[in-house]
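# Commentary on secondary and tertiary structure
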Amino acid sequence: MTDSRQAELIALGERVLLRNYGRSPVVLTHGEGTRVYDADGKAYVDFVGGIAVDVLGHGHPALVRAVQAQAASLIHVSNLYWIEPQIRLADLLVRHSFADRAFFCNSGAEANEAAIKLARRFAYTAGRPERCHVVSAVGGFHGRTLGALAATGQPKYHEGFGPLPEGFRHVPFGDVSALEAAVDDRVCAVLLEPIQAEGGVHVPPDGYLSAARRLCDERGALLIFDEIQTGMGRTGRLWAHEHWGVAPDVMTLAKGLAGGVPIGAMLVTERVAGALGPGSHGTTFGGNPLATAAGVAVLRTLLDEGVVERAAAVGRHFLEALRGLAARRPRAVRDVRGKGLLIGLELAEGLAAADIVKRAMADGFLVASAGPQVVRFVPPLVIAQEDVDRLVAALDRYLGDRA
């Protein structure tokens, strides 16, 4: 790399930061809309969106105004007191979901930890403390804290962190028979992503989520949907479970909820909310004025400006374009799957997603991987169809030699 401000920053980062990330060799310094720019001034079209976080893109006026105004008035006071933006965001969320009440935290992993605790506490308060097991899916991803990690059905994330908390079972995603066999009288909850995102963008077969709902109802377990990556309009509906007409008892959110300001949330029905009474669970920073003011601005924009509907339309176009690419390059593409603007392109054996990520970056596109052979696209929901077409044309060039 030639001498540059970017090279200097990366060299400094290599000296002072923990090396727990495999970072691309760019320092992103600012953004506008669906473009981001590195420290040397190069522009990139952002199809990563902070990993499904920047739903309104970069520098959206409504979000900027909300953060600026709130930072100037009140950033933090703690949950010893009522917080107006927190109340406003909770009201918006419950009015536009299945839920009756909301709890706020700082991340998706924390939201899932809260959901696991709620499920166990709900069983305990019902006089069934033995019902402490949680069933989740192979290939799922629920976070990196120890409880969320134990629920994550991917052994590669477990290595070296044992012993993990007990009481977690993993079954194949989409397999109703396996779910039926696993949900017994020791299970307090089933925890599923409506679409597995990090695990490779796997869409469940029709009937799977409704079968999970039926099993939980019949056997007295809670149904928890992890919509940390699939929520906030990502799949062309406000919540991904709406595609199948199935409502959970508990839903966890994070990522796009505040458009880049750290936040997590757990939404619950009134039936289960009482399990977490005063003192049973909490967090210092969760639901602080700054994060929840940002969340209000993001959610109102999604609801009032047709962003979700637009994402559905652009997502359909994106999927169709990628399926056309797969038809032209059958030796290079194994599968295309997803909904809305959560899309995975699975490459054929011998091709690596990391190579596509590097080539796209060199051409001014940011894309991500979801496993060794899946290229994942989770752009801002305001991405332009013209940028989608430009990216697909670039992918066609990259895969041309395997046609």
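Residues numbered from 1 in each chain as written. Predicted model: local features only at pLDDT ≥ 70, side-chain atom pairs only at ≥ 80, totals over all residues. Heavy atoms only, no water.

Burial runs high along strand β8 (residues 222–226): 5 of the 5 residues are buried. Residues Leu 222, Ile 224 and Asp 226 of β8 are buried on one face, and the alternating residues Leu 223 and Phe 225, pointing to the opposite face, are buried as well. Two elements, strand β7 (residues 187–192) and β8, share 4 bridges in a ladder whose sense is parallel. Among the inter-strand pairings, Val 190 is bridged to a residue of β8, identified as Leu 223. Handedness of the crossover joining β7 and β8 through helix α9 (residues 208–219) is recorded here as right-handed. Bridge count for β8 against strand β9 (residues 250–253) is 3 bridges, and the pairing is parallel. When the bridges of β9 are listed, Ile 224 appears paired with Val 250. (Buried < 20%, exposed > 50% of the residue type's maximum accessible area, 1.4 Å probe, protein only. Helix = DSSP H or I, 4+ residues; strand = E, 2+ residues; numbered from the N terminus. Pairing = 2+ DSSP bridges. Right-handed = clockwise from strand over helix to strand, strands pointing away.)

Strand order across the open sheet formed by 4 strands is β11-β12-β15-β14, with antiparallel pairing between neighbours. Both outer strands of the open sheet, β11 (333–339) and β14 (368–369), are each paired with one neighbouring strand and no more. Relative to strand β15 (residues 374–377), strand β12 (residues 342–347) runs antiparallel, the two being bridged by 4 bridges. Its bridge partner being in β15, Gly 344 is matched across the sheet by Arg 376. Contacts from helix α12 (residues 307–328) reach β11, β12 and β15, with the element oriented near 170° to β11. (Contact = heavy atoms within 4.5 Å. Axes fitted to C-alpha atoms, helices over the stretch in contact; angles between N-to-C directions.)

Ranked by size, the top nonpolar core spans 64 residues in total, and within it Phe 47, Leu 93, Phe 318, Leu 322, Phe 377 and Leu 395 carry the most contacts. Phe 47 has contacts with Phe 318, Phe 365, Leu 366, Val 367, Arg 376, Phe 377, Val 378, Pro 379, Ile 383, Asp 387, Val 388 and Leu 391, leaving out every residue within four places of it along the chain. Formed by 27 residues, the second largest nonpolar core is a distinct cluster that contains Ala 178, Ile 195, Tyr 208 and Phe 225. (Core = buried A, V, L, I, M, F, W, Y, C linked by side-chain atoms within 4.5 Å.)

Across the sheet, 4 strands lie side by side as β1-β2-β3-β13; this open sheet has mixed pairing. With one partner strand each, in any of the chains shown, β1 (28–32) and β13 (365–366) form the two edges of the open sheet. Where strand β2 (residues 35–38) and strand β3 (residues 43–46) come together, 3 bridges link them in antiparallel fashion. Looking at β3, one finds that Tyr 37 is bridged to Ala 43.

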